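The residues making up each chain are set out below.
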Amino acid sequence: MIIRAFITHKQAEQFADCQDRFGVAPDTKSIAVSDGMGSTWQQKIWAQLLVDTYTNSTDWHPSKEFIQPLCQAWRMKVSEFIQNLKDIKAPENMIYRNERNLAEGRSAGATFVGIRFDGSKWSGEVLGDSCLIECDGNEAKFNTSQDTDAFDSYPDYFDSNPLKDGKGTPKSIEGSLKDGTILFLVSDP
């Protein structure tokens, strides 16, 4: 199996603006992609937390039940981010804005797709417009949680606030690798 991964940004943005995160873990035979939603706050931290938690474990699944404990971890990481801003003497308005957002309960949203391998079989979960595309050279099958082939600008997502449900329900996906099969884990297809 050959794995290739990369992140790129939208043409009108800088690389630092990219909210996508991915992880590959040979130990757990896991790959995950999460796209932090640009209209939310501290979404890079949330997307990275989702990816890391999935790829570092063989039994964690991105469901509403398992997401709840991550919400506290996200708040702690955001607090650490704010403390780092203070330590490096970032502009006061930047520190204040982040402290205010945290105090007001602002949250992050992120879409997700992750798969784990067991021999030639794979299984995983998907939520939102992050999706898995299976390509056999002739046909492409899109695995997404959305009920339509057309994506809009408000996809299903996980929310970092435990009091918010996010949107949508993760969908289980599975398949098997055959010769010539290519799997693409993508955001914003």
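Considering the packing of helix α1 (residues 43-55) against helix α2 (residues 64-87)
Then step 1. Two numbers describe how α1 lies on α2: the axes approach to 10 Å, and their chain directions differ by 130°. As judged from the angle between their axes, α1 and α2 are oblique. The handedness of the crossing between α1 and α2 comes out as right-handed. For the pair α1 and α2, contact is made by I45, W46, L49, L50 and T53 and by I67, L70, C71, A73, W74, K77, V78 and F81, respectively.

Some thoughts on the nonpolar core
Then step 1. Counting residues in each nonpolar core, the largest one holds 22 residues, and the members touching the most others are W46, L50, I67, L70, W74, V78 and F158.
Then step 2. Mapped onto this core, the elements with two or more residues apiece are α1, α2 and β3 (109-118).
Then step 3. The element that contributes the greatest number of residues to this core is α1, accounting for seven residues.
Then step 4. For I67, the residues in contact, after removing those within four places along its chain, are W46, L50, W60, F158 and D159.
Then step 5. Listed in part, the 11 residues of the second largest apolar core include V33, V113, I173 and L185.

Considering the environment of D20
Then step 1. Mapped onto the elements, D20 comes out in strand β1 (residues 20-25).
Then step 2. A sequence separation of 18 residues divides D20 from G38, and the C-alpha atoms of the two residues are 10.0 Å apart.

Some points on the pairing of strand β2 (residues 30-36)
Then step 1. Counting buried positions along β2 yields seven of seven residues, so the element is predominantly enclosed.
Then step 2. The pairing of β1 with β2 spans six bridges and is classified as antiparallel. Paired with G23 across the strands is A32, a residue of β2.
Then step 3. Here β1 folds back onto β2, and the loop between the two strands holds four residues, one of which, K29, carries a positive phi near 55°.
Then step 4. As judged from the seven bridges shared by β2 and β3, these two strands associate in the antiparallel manner. Bridging from a neighbouring strand, S34 pairs with F112 of β3.

Calculation notes
Residues numbered from 1 in each chain as written. Predicted model: local features only at pLDDT ≥ 70, side-chain atom pairs only at ≥ 80, totals over all residues. Heavy atoms only, no water. Axes fitted to C-alpha atoms, helices over the stretch in contact; angles between N-to-C directions. Helix = DSSP H or I, 4+ residues; strand = E, 2+ residues; numbered from the N terminus. Parallel < 35°, antiparallel > 145°, perpendicular 65-115°, else oblique. Left-handed = near helix turned anticlockwise from the far one by under 90°. Contact = heavy atoms within 4.5 Å. Core = buried A, V, L, I, M, F, W, Y, C linked by side-chain atoms within 4.5 Å. Buried < 20%, exposed > 50% of the residue type's maximum accessible area, 1.4 Å probe, protein only. Pairing = 2+ DSSP bridges.

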